[in-house]
Amino acid sequence: MYVVKSPLSDASLKTVSDALQGALVDLVDLALVAKQIHWNVVGPRFRSVHLQLDEVVDTARKYSDTVAERAAALGVSPDGRAATVAVGSGIGVTPEGWVDDTTAVGTLVEALGAVIARMRERVEATGEPDPVSQDIFIGITADLEKHHWMFQAENG
């Protein structure tokens, strides 16, 4: 079997691969959480929140692919399986059943905040060993912070 060889040292690759795998798990879970709430949101702001949730799903899915492909390019096999996501995500438990729009927005604020905090740690961790991966984390963080701001503004 062909194995992709990384240009990074073993120590740098360990740091970067841990960051990429953690980001993949968080992004996959963020897409799942946003979609779950998207299907179950109710209330006077249903339509606007419903549509806004799909924007988060699109962002998370796009970046999960970017992160997984970066890992593969460095010779690291990305793991986005459900069991891996379930044990590795930094996002809390999502409400079950119908979710009123205020709770839905609050849940997304918390989920985004958790992922952003972990992304910022990854930005810091990858600066020295791999500025290319760091650049990806910076872009992800910027887009997630925009969603975070917009959801915070929803609940005033």
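Residues numbered from 1 in each chain as written. Predicted model: local features only at pLDDT ≥ 70, side-chain atom pairs only at ≥ 80, totals over all residues. Heavy atoms only, no water.

Labelled according to an unreviewed UniProt entry, the chain appears under the name DNA starvation/stationary phase protection protein, originating from Streptomyces violaceus. On record in UniProt, under Sequence similarities (unreviewed entry), the comment for the chain is "Belongs to the Dps family." (UniProt positions renumbered as here; feature names shortened; annotations may be inferred.)

### Regarding the overall build of the chain
The helix and strand tally for the chain stands at five helices and two strands. Starting at the N terminus and walking to the C terminus, you meet the elements of the chain as α-β-α-α-β-α-α. Projected onto the principal axes, the alpha-carbon positions of the chain cover approximately 55 × 30 × 20 Å. Here the chain holds 156 residues, and 45% of them are scored as buried. Once local pairs closer than 6 in sequence are excluded, the contacts in the chain between residues at least 24 apart make up 84%. Carbon and sulfur atoms make up 56% of the accessible area of the chain, which amounts to about 8100 Å² in all. In the chain, 13 positive and 22 negative side-chain charges are present, and the distance between their average locations comes to 3 Å. (Helix = DSSP H or I, 4+ residues; strand = E, 2+ residues; numbered from the N terminus. Buried < 20%, exposed > 50% of the residue type's maximum accessible area, 1.4 Å probe, protein only. Contact = heavy atoms within 4.5 Å. Areas by Shrake-Rupley, 256 points an atom, 1.4 Å probe, with all protein chains shown as cover. Lys, Arg positive; Asp, Glu negative; His and termini not counted. Charge placed at Lys NZ, Arg CZ, Asp CG, Glu CD.)

### Description of the UniProt feature "domain: Ferritin/DPS" (unreviewed entry) in the chain
The feature "domain: Ferritin/DPS" (unreviewed entry), as given by UniProt, occupies residues 18-153 in the numbering adopted here. Taken end to end, residues 18-153 is 79% helix and 3% strand, and its two terminal C-alpha atoms sit 33 Å from one another.

### Considerations on the pattern of salt bridges
For the coordinates displayed, the defined rule picks out nine salt bridges. Its salt-bridge partner being Arg45, residue Glu154 comes within 3.3 Å of it at the nearest N-O pair. Taken together, the positions of Glu154 in helix H5 (residues 131-155) and Arg45 in the loop between strand S1 (41-42) and helix H2 (46-73) put the pair 109 residues apart, joining distant regions of the chain. The exposure class of Glu154 is partly exposed, given its relative accessible area of 25%. The residue Asp130 makes a salt bridge to Arg70 at a minimum N-O spacing of 2.9 Å. Residue Asp130 is located in the loop between helix H4 (101-126) and H5, and its partner Arg70 is located in helix H2; the two are separated by 60 residues in the primary sequence. The exposure class assigned to Asp130 is buried, which follows from its relative accessible area of 4%. Judged by relative accessible area, which is 17%, Arg70 ranks as buried. (Salt bridge = Lys/Arg side-chain N within 4 Å of Asp/Glu carboxyl O.)

### Considering the packing of helix H1 (residues 10-40) against H5
H5 packs onto H1 with a crossing angle of 25° between their chain directions and a minimal axis gap of 11 Å. Considering the angle they form, H1 stands roughly parallel to H5. Judged by the sense of rotation from one axis to the other, the crossing of H1 with H5 is left-handed. Only Ser133, Phe137, Ile140 and Leu144 of H5 make contact with H1, whose side of the interface consists of Val16, Ala19, Leu20, Ala23, Leu27 and Leu30. Split into classes, the residues belonging to the contact of H1 with H5 amount to nine nonpolar, one polar and no charged. (Axes fitted to C-alpha atoms, helices over the stretch in contact; angles between N-to-C directions. Parallel < 35°, antiparallel > 145°, perpendicular 65-115°, else oblique. Left-handed = near helix turned anticlockwise from the far one by under 90°. Nonpolar A, V, L, I, M, F, W, Y, C, P; charged D, E, K, R; others polar.)

### Quick notes on the packing of aromatic side chains
Taken as a whole and assessed by the stated rule, the structure comprises zero aromatic pairs. In this arrangement the basic side chain of Lys62 is found over the ring face of Tyr63, its NZ or CZ atom lying 4.5 Å from the centre. (Phe/Tyr/Trp six-rings, centres within 6.5 Å; stacked < 30°, edge-to-face > 60°. Lys NZ or Arg CZ within 6 Å of the ring centre and 35° of its normal.)

### Let's talk about the packing of H4 against H5
Relative orientation of the contacting elements H4 and H5 amounts to 160°, with a least axis distance of 8 Å. If you check the angle between H4 and H5, you find them roughly antiparallel. Crossing geometry of H4 relative to H5 is assigned as left-handed. For the contact of H4 with H5, the class distribution of residues is 14 nonpolar, 11 polar and four charged.

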